[in-house]
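# Reading the structure
Residues per chain, in single letters:
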Amino acid sequence: MAIRSQVVGCGSYLPLRVMSNDELARTVDTSDEWIRKRTGIRERHLAADDEATSDLGLKAAQAALEQAGLAPDDLDLIVCATATPDETFPATATRIQAGLGMTRGAAFDVQAVCSGFIYALAVADNFIRCGQAKSVLVIGAETFSRILDWEDRGTCVLFGDGAGAVLLCAGEGRGEAADRGVLSTHVYSDGRHHDALYVDGGPSTTRTTGVVHMEGREVYRHAVVRMAEAIDAALEANDLTPGDIDWLVPHQANLRIIESMGHRLNLPRDRVVVTVDRHANTSAASIPLALCEAVSDGRIRQGDLVLMEAMGGGFTWGSALVRW
Ligand code: UT7
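The rules behind these values
- All residue numbers refer to positions counted from 1 along the written sequence of the respective chain.
- In keeping with the model being predicted, local features are shown solely for residues with a pLDDT of at least 70 and side-chain atom pairs are shown and tallied solely at 80 or more, while totals for entire chains, interfaces and linings include all residues.
- To get the side-chain values, take all heavy atoms of the structure and skip hydrogens and water.
- Between the N-to-C directions of two axes lies an angle of 0 to 180 degrees, each axis being a line fitted to C-alpha atoms and, for a helix, fitted only over the stretch in contact.
- Each helix is a run of DSSP H or I of at least 4 residues and each strand a run of E of at least 2, with the numbering of both proceeding from the N terminus.
- The scheme is simple: roughly parallel for angles under 35 degrees, roughly antiparallel for over 145, roughly perpendicular for 65 to 115, oblique for anything else.
- Note on convention: the crossing is left-handed when the near helix lies turned anticlockwise from the far helix by less than a right angle, right-handed when the turn is clockwise.
- Only heavy atoms enter the contact rule, under which two residues are in contact if any of them lie within 4.5 Å.
- Residues are grouped as follows: Ala, Val, Leu, Ile, Met, Phe, Trp, Tyr, Cys and Pro are nonpolar; Asp, Glu, Lys and Arg are charged; all remaining types, including Gly, are polar.
- One side-chain nitrogen of Lys or Arg within 4 Å of one carboxyl oxygen of Asp or Glu is enough to make a salt bridge.
- Remark: exposure states derive from per-residue accessible area (1.4 Å probe, protein chains only) relative to the maximum for the residue type, with buried under 20%, exposed over 50%, and partly exposed in between.
- One heavy atom within 4 Å of a molecule or strand is enough for the residue carrying it to be called near that molecule or strand.
- For the accessible areas, the method is Shrake-Rupley and the probe is 1.4 Å, while residue cover comes only from the protein chains on display.
- Annotation comment: domain bounds sourced from an automatic or database domain assignment.
- Any two strands between which DSSP finds at least two bridges are classified as paired.

Direction vectors running N to C along helix α3 (residues 53–68) and helix α4 (residues 92–100) enclose 55 degrees, while the axes themselves pass 9 Å from each other. One finds that α3 runs oblique with respect to α4. Relative to α4, α3 is oriented so that their crossing is right-handed. Contacts between α3 and α4 pair Thr53, Ser54, Gly57, Leu58, Ala61, Gln62 and Leu65 from the former with Thr92, Arg95, Ile96, Gly99 and Leu100 from the latter. Classifying every residue of the contact of α3 with α4 by side-chain character gives five nonpolar, six polar and one charged.

Here's what the structure looks like:
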């Protein structure tokens, strides 16, 4: 029998404050029309001044535990994907651990920006497969609003805040694609592309946190190619074809990129989960937020084959295939 990481619960949290494109257009030289046409974004949620990334992550974590009917001390590990930690250290995951009242196991962060959830899922799945953990909470939580230059229309219109969490538990199967659980994860990076997407600051350089800089067209060009490659790797590793996929849950950066990935898989539009219109790009939180929405409204059901893909600063990119 093969050990599989099975999804037993998921939860999400979005800050209450919603900012529309029109509201943004009052302070920066942009328009609702431009933002919608180029990105598909209509609005985004923004964390309150007293809300930190760990506060968002904690609420998503609590919702996932509640859905699974598990207690914090049933967990062996928390892996939190974030590029906007509360502090340089300790890890945001340990703040969430304390907030949950979890007094055993381990908690740490993973940093792969917008690919962070795929990376964290890969780490969690490997802990479970090798028997070092039986139950792992995988969280994507971000407050990108804190690292935006609100005068740079090329970036500030694109991002939002939020958190999502997925709870994985070890289960047994024959290791076949028909079995429930994480079937595969593929992660990649190419550090030569630093300058296309980065934050100009950090403890060992400027000692303070900087703001996001992005060459949008360059990122776009790489995103469509790299994510397509990661999708192909996932299908090939599991001996599956695009026709086997029930749902595509992509990183939510740009509707045009999302649609081109769906088109490539020949998936009808209603089989591609889209939240970018309401959430904008929430970096590591975007996939678990989209997943939780599609699970809670009954679209994704047990037994469905769910494909996820992401691309972010680094560059980093990857894919994950899960039998729900
Ligand atoms: O999560 C990590 C992964 N990130 C991504 O995947 C993002 C990938 N990139 C993109 O989604 C797109 O490149 C953007 C949405 C960021 C930009 O769209 P674009 O179609 O590539 O536009 P552009 O950057 O080439 O800019 C076109 C024009 C420029 O004006 P000129 O030079 O043609 O006169 C920009 O100055 O649009 C202008 N522009 C804006 N206009 C109004 C840029 N931002 C804005 C804005 N409002 N917010």
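This model, assessed by the stated rule, comprises 18 salt bridges. Arg264 is paired through a salt bridge with Asp232; the nearest N and O atoms lie 3.2 Å apart. Of this pair, Arg264 sits in helix α8 (residues 255–264) while Asp232 sits in helix α7 (residues 216–237), placing them 32 residues apart in sequence. Note on Arg264: relative accessible area 45%, which makes it partly exposed. In this structure, Asp297 engages Arg299 in a salt bridge whose closest nitrogen and oxygen atoms are separated by 2.9 Å. For Arg299, a relative accessible area of 26% gives the class partly exposed. In this structure, a network of salt bridges that share partners links the residues Arg42, Asp277, Arg278, Glu293, Asp297 and Arg299.

This part is about the site of the ligand. If you check the shell around the ligand, you find 23 residues, and the closest are Thr30, Arg38, Arg217, Asn254 and Asn281. A total of 950 Å² of accessible area belongs to the ligand in isolation, and the protein chains cover 74% of it. Every element with two or more residues in the shell around the ligand is listed here: α2 (32–39), α6 (153–156), α7 and α8. Residue contributions to the shell around the ligand peak at four residues, all from α7. Two domains each put at least three residues into the shell around the ligand: domain 1 (2–173) and domain 2 (181–323).

Let us look at the sheet that holds strand β12 (residues 305–312). Spatial strand order, β8-β13-β12-β11: four strands in an open sheet with mixed pairing. One side of each edge strand has no neighbouring strand; the edge strands of this open sheet are β8 (181–189) and β11 (247–250). For this sheet, the mean inter-axis angle between neighbouring strands, taken without regard to orientation, is 15 degrees. Along the sheet, helix α5 (residues 116–129) makes contact with β8, β12 and β13 (316–323), crossing β8 at roughly 125 degrees.

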